[in-house]
Amino acid sequence: MINNEDIWHELHIDVSEDLVDAVSNFFHENGASGVVENNVGVNVRLTAYIPDDPLRNGANGLEELASALRDLFPASYIGVPESSLLKNENWAVMWKDNFTTIELGANLIITPPWLPVNPKDTIVIIIEPAEAFGTGTHETTQGCLILLENAINLLIPEPVSMLDLGCGSGILAIAAKKLGAVSVDAVDNDPAAVQATQRNVLLNDLTGLIDVRLNGPDQLSGRRSIVAANLDFKTITGHWTYISPLVENYLVVSGILKDQWQPIERMCLDDGLQVVRLVFKNEWVSGLLEKKLF
């Protein structure tokens, strides 16, 4: 006899970047041990394994969520959900097989906590991918990490302060601290992201060394040597009057498609921010900009 706890739903759905958090939250709320993100063109394929529990929504709930999202976000992409039943208790952890270590920049390594790495001559950043708020697999996160390393190298040996605005998993804040930033703040207006960041700070033995807070950009003041804003076009442009005054030396910005970059660059130039380097990965642009005095 097979118990409900031995049966799992394998669920897939392709969505645009702006809906990743909403669908990932659904998966987590319904018992997923983790959510795997894979890029499919400009969209993201989300895969999760959910126990076939009568109290959980499973495949039917995902179909209802997709329908509701289409009504709420007609301009966004929501694919057709796919599901299958898996009668194997090992599927509870099968999602882990999709993760590997990622090498970026000069000497950064991103890894989940269960994979061993050799830390010699490298900076290891441990990220628990059970919360899908930025695990290092997406092009925008990778671009930001490369440019963040550039910015810190340009400033050191001077003391570096860094703000991770919209911190998600905290990956950029953790990288900044391990790269040598003296002061690091990680803020997000999503309580789940703040909790995920706090867990990852603990995994990296940085408790007390990164200030993690629940804040929006309109609640912040003071300048930082580096501000990292891996957000999206609408959020960046809508909150620009709050973001720009926070930048002392460098802005690392992403979450922007190639055809959205020119208005972002014009907006930056108007505030004295000039392009130092751009990183293009598939359809995404990440930019490093330097604040110039008028």
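Shown above is the structure to which this text applies.
The structure reproduced in this document is the subject of the present report. (Residues numbered from 1 in each chain as written. Predicted model: local features only at pLDDT ≥ 70, side-chain atom pairs only at ≥ 80, totals over all residues. Heavy atoms only, no water.)

1. Considering the packing of helix α3 (residues 139–155) against helix α4 (residues 171–178)
No. 1: Where α3 meets α4, the closest approach of the two axes is 10 Å, and the angle between their N-to-C directions is 25°. Our classification of the angle between α3 and α4 gives roughly parallel. With respect to the hand of their crossing, α3 and α4 are arranged in right-handed fashion. Contacts between α3 and α4 pair Thr-141, Cys-144, Leu-145, Leu-148 and Ile-152 from the former with Ile-171, Leu-172, Ala-175 and Ala-176 from the latter.
No. 2: Of the residues belonging to the contact of α3 with α4, the class tally is eight nonpolar, one polar and no charged. (Axes fitted to C-alpha atoms, helices over the stretch in contact; angles between N-to-C directions. Helix = DSSP H or I, 4+ residues; strand = E, 2+ residues; numbered from the N terminus. Parallel < 35°, antiparallel > 145°, perpendicular 65-115°, else oblique. Left-handed = near helix turned anticlockwise from the far one by under 90°. Contact = heavy atoms within 4.5 Å. Nonpolar A, V, L, I, M, F, W, Y, C, P; charged D, E, K, R; others polar.)

2. Points about the sheet that holds strand β7 (residues 123–126)
No. 1: The strand order across the open sheet formed by three strands is β5-β6-β7, and the pairing between neighbours is mixed. The open sheet has two edge strands with one neighbour each: β5 (102–104) and β7. The average undirected angle you get between the axes of adjacent strands in this sheet is 25°.
No. 2: Sheet topology places β5 next to strand β6 (residues 108–111); three bridges connect them, and they run antiparallel. Note on β6: the bridge partner recorded for Leu-104 is Leu-108.
No. 3: Of the strands in this sheet, β5 and β6 touch α3, which is tilted by about 40° from β5. (Pairing = 2+ DSSP bridges.)

Functional significance is not addressed by these values, which are geometric in nature.
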